[in-house]
Amino acid sequence: MPTDVVMPQMGESIVEGTITKWLKKAGDTVEKDEPLFEISTDKVDAEIPSPAAGVLIELKVAEGATVGVNTVVAVIGDAASLATADPSAEKLDPEGGRGPQRLGVPDERFLLVGVKGRVLVAGMEEGGFSPRIEPSELKRALAPEESFSASASKSDSEARRRSSPLVRRMAEDNNLDLAQIAGTGSEGRITKEDVLRHLGEHGPGGEAPTRPAASSLPGHLAPLTKMRAIIAQRMVESVQISPHVHTVYKVDMTRVVRIRQRDKAGFEQRHGVKLTYMPFIATAVVEALREFPIVNAAMEKGPDGSNNSIRYHEHINLGIAVALEWGLIVPVVREAEGLSFVGLARAIADLASRARTKKLMPEEVSGSTFTLTNSGIFGDEFSTPIINQPESAILGISGLKKEAVVLTDAEGNDTIAIRSMQHFCLGFDHRIIDGADACKFMVEFKRTLESWDREIG
């Protein structure tokens, strides 16, 4: 029996979703749990897996369309059901052409159906068409293990089927042939780590093709994506709600840099996650928030309905802003105060990875009490971030750079040394956080990093 593919409900408050991209075409063979399409909702972008194995018979909803949850968006069946499907529905053959379709056959009682480079004859009937070949032959024609085209085309098609949109974009940007990359994921899927390992061993395949973004083409008018529209709305609301004040501190990260350089290989070997600077920064933030809980608080409506109360949160839920090609998302490390250094490192790496591959659930991108945003990966000196409502503060992380710094010893003697320095900017809501408290928070944060004395595991 055919299986209906429906728009999933990504959280209790979600009532609709937008199909941003189909990862399969009508006529394609799909495996159970293989990524089928991408959606965008008010809470999160996600990659939706196939609910069953079979052949994608019909796409009922076009890319860019917004439909309610539980709406049937596609149908999955077997090869025989593809041959008896509604010919008026749009279907795409596995090689990218539109089919089944009329190919100029003189006798209108017949259709030529293109399947993986092979032409099959099907006879017309009222309300549909039936194959003039045995269903078993059509099934073999649609099976992924059969080849009706050049082996190179087959390898490329299979490699694309066994990879995510992120992996394909990475391969395109680095001019790589996915068919030449061994996949270590489930059922041989090519993962981001596989691509990075290939790049590390062999380098890019040549000059990456230039591909200007559609929104930057001269004279082009591009509508906001759902995620971009939500970000725009939230940023305007935040500036209107909170009187923003920013304070910038320069932190000497030399000690942290040396510890990371010394321990990064062993850390990854022991814990299976790369040692970055983020868990150091997150640990220092948690320590400072414990000392100054007002920075982790939020303005909240009181019994009379007015915003005249302060909610002191029981837990520290760290939002970690992740820049995506299609926008910005803030997954949350919950109850960060109870995590070890290794726990923070693992949680941050996991959330960032799943954010980029659209694997987050709505509950994982809500409920933060304080946010970290790292624009330093792009090399900035410092930035003044906008508060992530309904929080009251956000920490901007800028680029880590070596500088000549004047150091003063205990006797008051000055020397000049090369140190690893980094700017950190705290944006805060001046309705509930005074400048003095913001500065005390930053002093504690700075002290933890500059005199790092904790075991990292």
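Residue positions are counted from 1 within each chain, in the order its sequence is given. Since the coordinates come from a predicted model, pLDDT governs what is reported: local features require at least 70, and pairs of side-chain atoms require 80 or more to be given and counted, while whole-chain, interface and lining totals use all residues. Note that water and hydrogens are dropped before the side-chain values are worked out from all heavy atoms of the structure.

Q: Describe the overall build of the protein, and please don't skip the residues or the numbers.
A: Note on conventions: DSSP H or I runs of at least 4 residues are helices, E runs of at least 2 residues are strands, and numbering of each starts at the N terminus. Regarding its fold elements, the protein presents 10 helices and 21 strands. Here the protein holds 457 residues, and the buried ones make up 44% of them. Contacts spanning at least 24 positions in sequence make up 59% of the contacts within the protein whose residues lie at least 6 apart. Note on areas: these come from Shrake-Rupley sampling with a 1.4 Å probe, and a residue is covered only by the protein chains present in the view. Entry remark: accessible area of the protein is about 23400 Å², with carbon and sulfur atoms responsible for 52%. Throughout, exposure labels follow a simple rule: accessible area from a 1.4 Å probe, protein chains only, divided by the maximum for the residue type, with under 20% read as buried, over 50% as exposed, and the rest as partly exposed. Contacts are assigned to residue pairs with any non-hydrogen atoms lying within 4.5 Å of each other.

Q: Provide a residue-level description of the sheet that holds strand S15 (residues 318–320), including the pertinent values.
A: Pairing between the strands of a sheet is mediated by backbone hydrogen bonds and can be parallel or antiparallel. Read from one edge to the other, the open sheet built from six strands follows the order S12-S21-S20-S19-S15-S18, with strand pairing classed as mixed. Of all strands in the sheet, those bounded by a partner on one side alone are strand S12 (244–252) and strand S18 (332–333). For two strands to count as paired, DSSP must find a minimum of two bridges between them. Relative to strand S21 (residues 414–429), S12 is paired through nine bridges, and the arrangement is antiparallel. Residue Asp252 lies in a different strand from S21, and its bridge partner there is Met421. In this description, a line fitted to the C-alpha atoms serves as the axis of each element, helices being fitted only across the stretch in contact, and the angle between N-to-C directions of two axes falls anywhere from 0 to 180 degrees. Here helix H10 (residues 435–450) sits on the sheet in contact with S12, strand S19 (370–374), strand S20 (393–408) and S21, set at roughly 20° to S12.

Q: Explain the packing of aromatic side chains to me, and be specific about the residues and the numbers.
A: By convention, a stacked pair of Phe, Tyr or Trp rings (six-membered ring in the case of Trp) has centres within 6.5 Å and planes under 30 degrees apart, an edge-to-face pair has planes over 60 apart, and any other such pair is tilted. This structure, assessed with the given rule, holds seven aromatic pairs. When the ring of Phe267 is compared with that of Phe341, the centres are 6.0 Å apart and the planes differ by 85°; the resulting orientation is edge-to-face. Here the residue Phe267 occupies a position in helix H7 (residues 254–271), and Phe341 occupies one in helix H9 (residues 341–356), the gap between them amounting to 74 residues. A residue is classified by how much of its surface remains accessible, and Phe267, at 0% relative accessible area, is buried. Phe341 sits in the buried class, given a relative accessible area of 8%. Ring geometry for Phe280 and Trp452: centres 5.0 Å apart, planes at 65°, overall edge-to-face. Taken together, the positions of Phe280 in helix H8 (residues 278–291) and Trp452 in the segment after H10 put the pair 172 residues apart, joining distant regions of the chain. Across the pair, exposure class does not vary: Phe280 and Trp452 are buried alike. Taken together, the ring pairs connect Phe267, Phe280, Phe341 and Trp452 into an aromatic cluster.

Q: Outline the side chain of Ser40, supporting the account with residue identities and numerical values.
A: Along the chain, the position of Ser40 falls in strand S4 (residues 35–40). Any N or O atom pair separated by 3.5 Å or less is treated as a polar contact, with the protein-specific requirement of one donor-capable and one acceptor-capable atom, and with residues adjacent in sequence counted only for side-chain atom pairs. Here Asp45 takes part through its side chain, which lies 2.8 Å from a polar atom of the side chain of Ser40. Those residues in contact with Ser40, other than ones at most four positions away along the chain, are Gly17, Thr18, Thr20, Asp45, Lys226 and Met227.

Q: Let's hear about unusual backbone geometry: which residues, and what values?
A: Leaving glycine out, the prevailing phi sign among residues is negative, and the prevailing peptide bond configuration is trans. With an omega of 5°, the peptide bond running from Gln389 to Pro390 counts as cis. Take Pro390: it is sitting in the loop between S19 and S20. Its identity as a non-glycine residue notwithstanding, Asn70 has a phi of 70°, on the positive side. When you line up the elements, Asn70 lands in the loop between strand S7 (66–68) and strand S8 (72–77).

Q: Any chance you could break down the nonpolar core for me, citing the residues and the numbers?
A: In summary, soluble globular proteins display a tendency toward joint burial of nonpolar side chains. Only buried residues count toward a nonpolar core, which is a set of Ala, Val, Leu, Ile, Met, Phe, Trp, Tyr and Cys residues joined through side-chain atoms within 4.5 Å. Among the nonpolar cores identified, the biggest contains 78 residues, and Val73, Leu318, Phe370, Leu395, Phe424, Phe445 and Leu449 are the most heavily contacted of them. Looking at which element gives the most residues to this core, the answer is H8, with nine residues. For Phe445, the residues in contact, after removing those within four places along its chain, are Val251, Ile281, Ala284, Val285, Ala288, Leu395 and Phe424. Listed in part, the nine residues of the second largest apolar core include Val167, Met170, Ala171 and Leu199.

Q: Kindly report on the pattern of salt bridges, identifying the contributing residues and their values.
A: A pair is scored as a salt bridge if a Lys or Arg side-chain nitrogen falls within 4 Å of a carboxyl oxygen belonging to Asp or Glu. The final tally for this structure, using the stated rule, is 21 salt bridges. The partner of Glu38 in a salt bridge is Lys358, with the nearest N and O atoms 2.6 Å apart. Residue Glu38 is found in strand S4, and its partner Lys358 is found in the loop between H9 and S19; the two are separated by 320 residues along the sequence. Across the pair Lys446 and Glu450 runs a salt bridge, and its minimum N-O distance is 2.9 Å. Pair noted here: Lys446 and Glu450 are both in helix H10, with a separation of four residues, about one helical turn. Lys446 gets classed as partly exposed once you look at its relative accessible area, which sits at 23%. Residue classification places Glu450 among the partly exposed positions, given a relative accessible area of 31%.

Q: With reference to specific residues and values, describe the sheet that holds S8.
A: Pairing is antiparallel across the open sheet formed by four strands, whose spatial order is S1-S8-S6-S3. In this open sheet, the two edge strands, each paired with only one partner strand, are strand S1 (3–6) and strand S3 (29–30). Relative to S8, strand S6 (residues 54–59) runs antiparallel, the two sharing four bridges. For Leu56, the partnering residue across the bridge sits in S8 and is Ile76.

Q: A description of the pairing of S20 should follow, citing residues and the corresponding values.
A: Where S19 meets S20, four bridges bridge the pair, whose relative direction is parallel. For Thr373, the partnering residue across the bridge sits in S20 and is Gly396. For S20 and S21, the ladder comprises 14 bridges, and the chain directions are antiparallel. Note that in S21 the partner of Ile394 across the bridge is Gly427. Connecting S20 to the next strand, S21, in antiparallel fashion are five residues, including Gly412 with a positive phi near 90°.

Q: Go over H10, please, and point to the residues and values.
A: Since the α-helix packs 3.6 residues into each turn, any two residues three or four apart lie on the same face. Multiplying 1.5 Å by the residue count of a helix minus one yields the expected span of that helix. Taking 1.5 Å of rise per residue, 16 residues should cover 22 Å, and H10 covers 22 Å from first to last C-alpha, within 8% of that figure. Contact partners of the buried residues in H10: S12, H7, H8, S19, S20 and S21.

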